[in-house]
Amino acid sequence: MELSSLLEQLNLSEKDGLYFYDDLSINTTDFLSIRTKETLQHSLRPNAFFCINNEPLILFFDNPNDLTDLQRQIWNFNQSPAIFINTTKGWIVKNGFNLLENKCELEEIASGNSIYDFEYFKIITGSTWEDYKLKFEQKNRVDFYLLNNIEAVRYNLINKENLHSKAANSLIGRVIFIRYLIDRNVELNVYGITQKEDFYNILDDRDKTYNFFQQVKDDFNGNLFPLNYQIDKTEVNEKDIVNPIHLLKIKELLQGGKIFSDGTYQPSLFDIYDFSIIPIEFVSNVYEKFIGKENQADTGAYYTPLFLVDYIQKETISRYFKDNPNKYNCKVLDPACGSGVFLVETLRQIISKYLQIHPINTEDEIEYNYYKDKLKILLTDNIFGIDKDENAISVAVFSLYITLLDNLKPKSIVGFEFPLLENTNFFTADFFETKHAFNSNLSKQHFNFIIGNPPWATKHPKEKQPFEKYIENRSSNEKSEIEIENREIAEAFLVRVSDFNFDETVFIVVSKILYKLSRKKNKKGIFRKYFLQNFKLRQVFELSSVRHTVFGADKKKKSEDKGTAPATILFYSKSMKEEPKDNIIKHISLKPNVFFDTFKLLVIEKYDTKEILQQYFIDEDWIWKVLVYGNVLDYYFIKRLKQNKSIFDYISDKKNFIFGKGISVGGGDKNPIIEHKKIKHSINSKMKGLMPYYINYTDNFLNSLDYVHRPRKIDLYKNPVLLVGKGVSNKFKAKAALSLVDVIYTDAITGIKSLKADNDYLLHILEALFNSNLFSYFLVNTNSSIGIEREQSHDKDDKFSIPLILNSNSKISEYTKELKSLISKSESNDFFNIEKQIILQQISHLQSQIEDELLYIYNVSLQEKSLIDYTNNVTIPLLKAKEKKKVLASIKFKDNLLIDYANVFINHFSRRFNYSGHYFEIEIIWSEYIILMKFKIIPSPSKEHGAIIWNKEGNIKLLKSIAALGFENISNNLYLQKDIKGFEENFFYIAKPNQYKSWHPALAYLDLNEFVDALHNIDKIE
């Protein structure tokens, strides 16, 4: 089958995202990163490729010549998961991430009819990637193997062969550089090297090895992995501390031998890796291995994932060059540069832009020599970095040198001298050392961008750190109120940059900065307030909802690893005093999807993006969290709720209530518990003793103790007392139950007790509220931790902050008492299954009645009900990986969800149009992957039931219908979960992917507002 026929059968022909080899030489593929475009054009040469979100996820090769070599190159490319190859057996699909053990071929994942699993609609809706997700696991990818190899050799060199870590790092880095030269086909005859084996043979002799290293060092100059350096303040020559065993371990790594790791021998894959294409993410990961896990936890230094680097680059450097087509210089500083990933990508763009403006004739020796010198100037004029770790500076400089060589012909590399960068462009220093030489050097520069991923660390030595002294001095000098909470160093980085001249700063910071609550009274949000009053935010890119997959979770650890903490990208600049009030912030909150989970593609959906005045963030600090999982409608709903007194406001009235945590057993104090022992019952909190509306009582656990740390007031244990668990359920509800007997409980539970019998009804309302969907809604949209870091809830600032509306005439007390009785009965085993099913149905019915009663008390509108439902049935399942299938599932033809969505429009427009000659009707055109709704104005009342017409069409036919409306880039919008809206003479329309979450009624209200605004604008024009 010819390629054109295959593409047609896969329905990819003439689709957005499909490109051919010839497109690589023209501007149509400029969206590709420079490194990707060069690899596709010069190394892989696919006949065609299909991109999703500007990434080439599928490559097509029609009868390639050297299939073995091609497959190795594809694996080294490490970017395209699905590889179509036309062989003698016909078209097959191979896994671009998994090279089989024979090291010659990629794993075959589809052939015959199964290749149609990669049909257009399945690709763009994500079903293909969901089905094959396990095939594309990280453990099969090139960087995973190579990093494990490096980590194993480094560990053996340091821990088995007693080589200092600095020497091990330098030796490994230098060897990678030599392999790079060999794989680039650089003429190394002067060193006696014509092939890889010649280099390996040199490693057999230590004297020859270090003579060779010294010769390379002298020839290339620069700061490339020096041979003499300080270890523990003592000057050493690396040759003196490296022995033949160390070199043997390096040789085994390079030759593809066996490397001892984790008690077993693993194969090295260095012999089949092509170092002529060193992916920058690989270098970043190498840096992580170089600093060592033990230092990582202390410094908070973690490598930056490439997808975040690319996003930031597109929003900064790329945008700058687009706005300034005649410029090629762009000064960038990274004050916590690590491996230099941001700086390397910046230099790539600068060089590419220079070549666009000044094309080079590589055959003209004079012109080419000028170009070689210009490359160095482009680096030294534009790229600057600071880091405390000298290993980081070494790797960053190495990465930049490689970038220069990437832009030279192999024959011209030998004899090319690197510019000296250390102490001129790069500084080993603490960014908060205000007296260090870098301050005067860098103060002379005006940076277009300051970019970086500052360390995320709150654990520091007890003595005051430089960043803390800096903040204290700044606060004193400015006479301003600024405070770093929890010793979070990233906060200090955010403000320190203002000591330098720059147009915009972009930092990846831990999201907690935006939501965390101060432990000190009257200090809530003080840093955020200072930041917003002194800087102008352009964009907030929030990654909390995908935090477990951004930096990768450590599955071996039960606790959340520091590297999996939530991330936020802040784009900001200095501001004049009045500027922030009128500044509009673009707020993007990325949501989980199969493209991100599998390939780390940043698919930003329509409802992920909001635009908000900066003044709102200053005046209403709680809006930060609302925008992560909610929208403007949620903001207005929560603002309305917040006009009422909170639970805390009520129960902190000491004349009417007491509340507090239960007994603390462990600790230094020894307090008697004579009165507490007299109480018969207690709760075994570890054995699920507290559940919604139900308490599993046990004998008083204090009977076996003489003392406790904190016994608390005895009145807290007297009935009736409402018990509220410390954590939340998997549905983000509080575990709350009213105890009608005296009961002892631990500090994992908070007790609330009314001091007046007249207030007991309030405890029943609280019991219902804590276990309700309304509570889950409020918690997800306002809680400082849930959905951000850990799924926990603090009492005063989170759980008890929910507004409380009282109604003594409500039936909630009656309902909760009956519900508690039924739950207690259901926990008994003294009846048949059929009886239990009846009881469970009764429980469910009562729970619904309680929910309805609460919504009535809170005067919740239909729109607000849909917002509550969206949080409980879309947002929360998306946060729970095991539950998100329903949210992403397709909707059946004539499903009630579509009717509910349509009714939002019908209820609104019927009031406007239902008069003589103008009536409202909706046509719903359903297909397996797309749904189109047409909102029609008709001359007579609709004859259809509910004013809804139903039609079913094939996917391709419906897609053509949408295209006929004049809409371009349909596929791009579909996989980005963006709707397609428009107006025709007698109707307006909206099309979206066929997914539960896309057609929820809560979104209907948002879509309706957009249409109403558009219609008003049309009316004004007319």
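Keep in mind the model is a prediction, meaning the values are calculated, not measured.

S.K.: Any details on the environment of Tyr401? Residues and values, ideally.
M.R.: Mapped onto the secondary structure, Tyr401 falls in helix 18 (residues 390–406). Considered as a pair, Tyr401 and Glu417 are 16 residues apart in the sequence and their alpha carbons are 9.8 Å apart. Here Tyr401 is in contact with Gly222, Asn223, Leu224, Phe418, Pro419, Leu420 and Leu421, once residues within four sequence places are set aside. Only 2.9 Å separates the side chain of Tyr401 from the backbone nitrogen of Asn223, close enough to count as a polar contact. Polar contacts involving the side chain of Tyr401 include one to the main-chain carbonyl oxygen of Pro419, which spans 2.6 Å.

S.K.: Please set out the side chain of Asp183 residue by residue, giving values where relevant.
M.R.: Position of Asp183 among the secondary structure elements: in helix 7 (residues 165–183). Judged by its relative accessible area of 16%, Asp183 is buried. Setting aside its immediate chain neighbours within four residues, Asp183 contacts Lys196, Tyr273, Asp274, Phe275 and Ser276.

S.K.: Describe in detail the sheet that holds strand 22 (residues 681–683), supporting the description with residues and values.
M.R.: Spatially, 25-22-29 is the arrangement adopted by the three strands of the open sheet, whose pairing is mixed. Pairing within the sheet leaves two strands with one partner each, and these edge strands are strand 25 (697–699) and strand 29 (743–744). Examined bridge by bridge, strand 22 and strand 29 share two bridges and lie parallel to one another. Across the sheet, the residue bridging to Ser682 is Ile744, located in strand 29.

S.K.: So what's going on with the environment of Ile802? Residues and values would help.
M.R.: Looking at where Ile802 falls in the secondary structure, it is placed in the loop between helix 33 (773–782) and helix 34 (812–826). Through-space distance from the C-alpha of Ile802 to that of Ser754 is 19 Å; in sequence the pair is 48 residues apart. Sequence-distant contacts of Ile802, that is, excluding residues within four places in its chain, are made with Ser646, Ile647, Leu769, Leu774, Phe775 and Phe778.

S.K.: I'd like to hear about the packing of helix 7 against helix 11 (residues 244–255), residue by residue, with values.
M.R.: Closest axis-to-axis distance for the helix 7/helix 11 pair is 11 Å, and the angle between their directions is 40 degrees. Of the possible angle classes, the one that applies to helix 7 and helix 11 is oblique. Once helix 7 is placed against helix 11, the crossing between them reads as right-handed. Along its contact with helix 7, which presents Leu171, Ile172, Val175 and Arg179, the element helix 11 presents Leu247, Ile250 and Leu254.

S.K.: Mind laying out the state of the cysteines, listing which residues take part and the relevant values?
M.R.: Tallied over the full model, the rule gives zero disulfides. Unpaired in this structure, Cys330 has its nearest cysteine sulfur neighbour in Cys337, at a distance of 17 Å. Judged by its relative accessible area of 0%, Cys330 falls in the buried class.

S.K.: I'd love a proper account of empty space enclosed by the protein, names of residues and values included.
M.R.: Counting across every chain of the model gives eight cavities of 30 Å³ or more. By volume, the largest cavity amounts to about 300 Å³. Around the largest cavity, the lining comprises 24 residues; the ones closest to its centre are Lys591, Glu605, Tyr607, Asp608 and Tyr870. For the lining of the largest cavity, the elements supplying multiple residues, two or more each, are helix 28 (623–629), helix 36 (862–879), strand 35 (987–993) and helix 41 (1001–1021). A per-element tally of the lining of the largest cavity places helix 36 first, with four residues.

S.K.: I'd like to hear about the pattern of salt bridges, residue by residue, with values.
M.R.: All chains considered together, the criterion is met by 32 salt bridges. Salt-bridge contacts for Arg474 lead to Glu478; the nearest nitrogen and oxygen are separated by 3.0 Å. Here Arg474 and its partner Glu478 are both found in helix 20 (residues 466–478), four residues apart, which amounts to about one turn of the helix. On the basis of relative accessible area, Arg474 is assigned to the buried category, the value being 10%. Using a relative accessible area of 36% as the deciding quantity, one classes Glu478 as partly exposed. For Glu767, the salt bridge identified is with Lys820, shortest N-O distance 3.1 Å. Pair noted here: Glu767 is in helix 32 (residues 760–770) and Lys820 is in helix 34, with a separation of 53 residues, a long-range link. The two residues Glu767 and Lys820 agree in class, both being buried. Sharing partners across several salt bridges, the network here consists of Lys606, Lys981, Lys992, Asp1007 and Glu1010.

S.K.: Give me the sheet that holds strand 19 (residues 609–613): which residues, what numbers.
M.R.: Read across the open sheet, the nine strands follow the order 13-12-11-14-15-17-16-18-19; overall the sheet is mixed. One side of each edge strand has no neighbouring strand; the edge strands of this open sheet are strand 13 (426–428) and strand 19. Neighbour-to-neighbour, the strand axes of the sheet open up by a mean angle of 15 degrees, direction not taken into account. With respect to the sheet, helix 21 (residues 489–496) is in contact with strand 15 (501–510), strand 16 (535–542) and strand 17 (567–574), its orientation differing from that of strand 15 by roughly 170 degrees.

What counts and how
Residues numbered from 1 in each chain as written. Predicted model: local features only at pLDDT ≥ 70, side-chain atom pairs only at ≥ 80, totals over all residues. Heavy atoms only, no water. Helix = DSSP H or I, 4+ residues; strand = E, 2+ residues; numbered from the N terminus. Contact = heavy atoms within 4.5 Å. Polar contact = N/O pair within 3.5 Å; in protein donor to acceptor, adjacent residues only side chain to side chain. Buried < 20%, exposed > 50% of the residue type's maximum accessible area, 1.4 Å probe, protein only. Pairing = 2+ DSSP bridges. Axes fitted to C-alpha atoms, helices over the stretch in contact; angles between N-to-C directions. Parallel < 35°, antiparallel > 145°, perpendicular 65-115°, else oblique. Left-handed = near helix turned anticlockwise from the far one by under 90°. Disulfide = S-S within 2.5 Å. 1 Å grid on protein atoms, 1.4 Å probe; cavity = no way out; pocket = protein on both sides within 12 Å on 5 of 7 lines; lining within 4 Å. Points joined across faces, edges and corners; volume = space filled by probe spheres on them. Salt bridge = Lys/Arg side-chain N within 4 Å of Asp/Glu carboxyl O.

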